[in-house]
Amino acid sequence: MGKTDFNPRLDRGAVQIISRLRDAGHETYLVGGAVRDLLVGENPKDFDISTSATPEEVSSVFGKRKARIIGRRFKIVHVYERGTLYEVSTFRRTPNEKERSARPSDDGEIVWRDNVWGSPEEDANRRDFTVNALFLDPTNKNNIIDYCGGVSDIEDKKVRSLGDPMIRFTEDPVRMLRAVKLKAQYGFEFEADVAQAIRELAPKITQVSQRRLYEEILKITYKPYMAKTMDACHEAGLLEHIMPNISDILSSEDKNTYLNILNERDFLITKGGTLSRAYSLPILAYRYIEKRLNPGSKFGDHWEHRDGIDKELRQAVNDFMKPHNMTRIIAARVKDVMMMQGRILANKNINKIRRHPEFFYAALLYRTMAPHLGWPEADFLPEPRLSSHHKAGQRPKAKKRRNPRSNRKPREQ
C-alpha cells in the first residue's frame, strides 16, 4: 500500500514497542484510530498496537514490570513505555458458534468473549468499520496495510460497516455509538445500511453493561466535539436510550441554546482548555438541574436559594445521569460548581468562594454560558487560564508558598 511520512506525529513509545516485538519475531503494527487520525491529518491521542504475539508472549518480551495482561472479555496487554501505557492486542478472528462462550444471561446474540487468535487480515475484517481496520508499519517506511478499503472510505468520508451492520451492531451495540462518533468528529456520513441498522437497533444499546456505557459517555466529555456527538446521537435515536435527560433537552425549545453552549465549550477545548469532568458535566447538566429546581423556568433563569436547596441540588445531580450513576466524588464536584453559579450571578460572597477548590471550573462554566443566556459579564472573575495542565479529572494545583526563612530559590516551572 501507499507510503507516507507520518514521523513527526508518530509516538516514539509506540514505535519502540513495535520494534521490540518485531525483533522478537512477531508481526506487529500500529492499528485502528491512530492510523485513521494520521490519514485525516490529525494528531492521534491514542496509539494502539496489534501483534501476532499472544498476550503471554507480549508479557514475556517486556517482563512483568512493564507489561500486564488485563481483561477477560477481550484479553489485551498494557505495556508501560516512556512514561505511557499502551494497549497491545493479539490479532483476532471472528469466533465460530462452538468457540463462542456466552454468559448465563446472554440472549445468544451479543459476543461476550472474543479471544480467538487469527491473522492480520482476519483481525482487520472483524473490526467495526473500514476506517478503523487499517494497519501501519513504522519499521517499513510507514507502510499502510489496507485489507478492507478503509483508505478510500476515509477519502470519501464514509462510515461503512465490515459485514452486515444488523449483525455487527447486534454482536456489540457499542459499535452504533462509535459510528456516531465518527460522524461527529470527522464529518463522515453513514452508508445507507449503517443508518438503517442504527435506527432499528438503537434500543439494543441498553443491553450493554451500565459500567461500559458510562465509560463511553465519559470519553465523549473528554473530546472537543461533544456538541456534535450529542446532537448526532440524538438524531440517530441513540441518546434517548443512553442519556434520556439530554435527549429531552434536545427535543425541546432549548435545543439551539444548549448546543450553542456545548459548542462554546468545544471551541475553548480546541484552544487548550480543561478537559475536567468538573467543567464538562456541569455544562451538560445545567439546564436539566435548572428545570428541576425551578420548574417552568426559561433557560438561564437559574433558581432561588431556599432552605434545603443543597439537598435538592445533590439529588438532581445524581438523577441527571440516570440510568447511570456518577461516583460520589464526581457528583460532589458537579454540585459544588453548580452551587457557585448562583453566587457569581448575584456577585455575592465572591471572595469566599474564590478559595473553593472548584472555583476555577465554576468561573469557566459561568464565562462559557453567560453570553448565550444573557447573564451579565462578571468582570470580577479571574480570566480563566486555558491550559492543558488541567487534565481530565484533575483540579488546578495550588501554588506552593515559599518558606520566607528558606534561602533556596524556587524551582523553575
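Residues numbered from 1 in each chain as written. Predicted model: local features only at pLDDT ≥ 70, side-chain atom pairs only at ≥ 80, totals over all residues. Heavy atoms only, no water.

Quick word on the packing of aromatic side chains
Here is step 1: Under the counting rule described, the total for this entry stands at eleven aromatic pairs.
Here is step 2: On the basis of an interplanar angle of 85 degrees and a centroid distance of 6.0 Å, the ring pair of Phe91 and Phe135 is categorised as edge-to-face. On the criterion of sequence distance, the pair formed by Phe91 in the loop between β5 (84-90) and α4 (120-125) and Phe135 in strand β6 (residues 134-137) is long-range, its members being 44 residues apart. Considered together, Phe91 and Phe135 belong to a single accessibility category, that of buried residues.
Here is step 3: Considering the side-chain rings of Tyr288 and Phe320, the 5.8 Å spacing of their centres and the 45 degrees angle between planes classify their relative orientation as tilted. One end of the pair, Tyr288, is in helix α14 (residues 277-293); the other, Phe320, is in helix α15 (residues 309-320), with 32 residues separating them in the sequence. Neither residue differs from the other here; Tyr288 and Phe320 are each classed as buried.
Here is step 4: Connected via pairs of aromatic rings, a cluster forms that spans Tyr29, Phe91, Phe135 and Tyr147. (Phe/Tyr/Trp six-rings, centres within 6.5 Å; stacked < 30°, edge-to-face > 60°. Helix = DSSP H or I, 4+ residues; strand = E, 2+ residues; numbered from the N terminus. Buried < 20%, exposed > 50% of the residue type's maximum accessible area, 1.4 Å probe, protein only.)

With respect to the packing of helix α7 (residues 174-186) against helix α9 (residues 210-221)
Here is step 1: Where α7 contacts α9, the two axes come as close as 11 Å, and the packing angle between them is 5 degrees. By the angle between their directions, the pair α7 and α9 is classed as roughly parallel. Judged by residue contacts, Val174, Leu177, Arg178 and Lys181 of α7 engage Arg212, Glu216, Lys219 and Ile220 from α9.
Here is step 2: Partitioning the contact of α7 with α9 into residue classes produces three nonpolar, no polar and five charged. (Axes fitted to C-alpha atoms, helices over the stretch in contact; angles between N-to-C directions. Parallel < 35°, antiparallel > 145°, perpendicular 65-115°, else oblique. Contact = heavy atoms within 4.5 Å. Nonpolar A, V, L, I, M, F, W, Y, C, P; charged D, E, K, R; others polar.)

Some words on the environment of Arg160
Here is step 1: On the secondary structure map, Arg160 appears in the loop between β8 (158-159) and α6 (165-171).
Here is step 2: Along the chain, Arg160 and Phe188 lie 28 residues apart, while their C-alpha atoms are 9.9 Å from each other.
Here is step 3: Ignoring any residue separated from it by four or fewer positions in sequence, one finds Arg160 in contact with Asp128, Phe129, Thr130, Cys148, Gly149, Asp153, Glu191 and Val194.
Here is step 4: Here the side chain of Arg160 touches Cys148 through a polar contact of 3.0 Å, landing on its backbone oxygen. (Polar contact = N/O pair within 3.5 Å; in protein donor to acceptor, adjacent residues only side chain to side chain.)

Some details on the pairing of strand β2 (residues 48-51)
Here is step 1: Across four bridges, the pairing between strand β1 (residues 28-31) and β2 is antiparallel. The residue bridging Tyr29 from the neighbouring strand is Ser50, located in β2.
Here is step 2: Where β2 and β5 come together, three bridges link them in parallel fashion. Following the sheet pairing, Ile49 is matched in β5 by Val88. (Pairing = 2+ DSSP bridges.)

With respect to the sheet that holds β2
Sheet strands pair via backbone hydrogen bonds, and the direction of the pair is either parallel or antiparallel.
Here is step 1: If you walk across this open sheet you meet the seven strands as β3-β4-β5-β2-β1-β6-β7, and the pairing is mixed. In this open sheet, the two strands that pair with only one neighbour each are β3 (67-70) and β7 (143-146). Each adjacent strand pair in this sheet contributes to an overall mean axis angle of 35 degrees, direction not counted.
Here is step 2: Pairing of β6 with β7, which is carried by four bridges, proceeds in the antiparallel orientation. Its bridge partner lying in β7, Leu134 is registered against Asp146.
Here is step 3: Its contacts with the sheet put helix α1 (residues 12-23) on β1, β2, β4 (76-81), β5 and β6, and the angle it makes with β1 is roughly 155 degrees.
Here is step 4: Its contacts with the sheet place helix α2 (residues 33-40) against β1, β6 and β7, and it is angled at close to 60 degrees to β1.

Observations regarding the side chain of Asn132
Here is step 1: Among the structural elements, Asn132 can be located in the loop between α4 and β6.
Here is step 2: For Asn132, the side chain forms a polar contact with the side chain of Arg36, separated by 2.5 Å.
Here is step 3: Not counting chain neighbours up to four residues away, the residues in contact with Asn132 comprise Gly32, Arg36, Arg127 and Leu182.

Side note on the packing of helix α13 (residues 255-270) against helix α18 (residues 359-373)
Here is step 1: α18 packs onto α13 with a crossing angle of 135 degrees between their chain directions and a minimal axis gap of 9 Å. When the axis of α13 is compared with that of α18, the two are oblique. Between α13 and α18 lies a crossing of right-handed hand. Along the contact surface, α13 presents Thr257, Asn260, Ile261, Glu264, Arg265 and Leu268, while α18 presents Leu364, Thr368, Met369, His372 and Leu373.
Here is step 2: Residues that form the contact of α13 with α18 fall into these classes: five nonpolar, four polar and two charged. (Left-handed = near helix turned anticlockwise from the far one by under 90°.)

Describing the pattern of salt bridges
Here is step 1: All told, the structure shown has 26 salt bridges when counted by the stated rule.
Here is step 2: The salt bridge involving Asp231 is made with Lys255; its shortest N-O contact spans 3.8 Å. Separated by 24 residues along the polypeptide, Asp231 in helix α10 (residues 226-236) and Lys255 in helix α13 bring together distant segments of the chain.
Here is step 3: Here Lys322 and Asp319 are joined by a salt bridge, their closest N and O atoms 3.1 Å apart.
Here is step 4: The partly exposed category is assigned to Lys322, whose relative accessible area is 43%. (Salt bridge = Lys/Arg side-chain N within 4 Å of Asp/Glu carboxyl O.)

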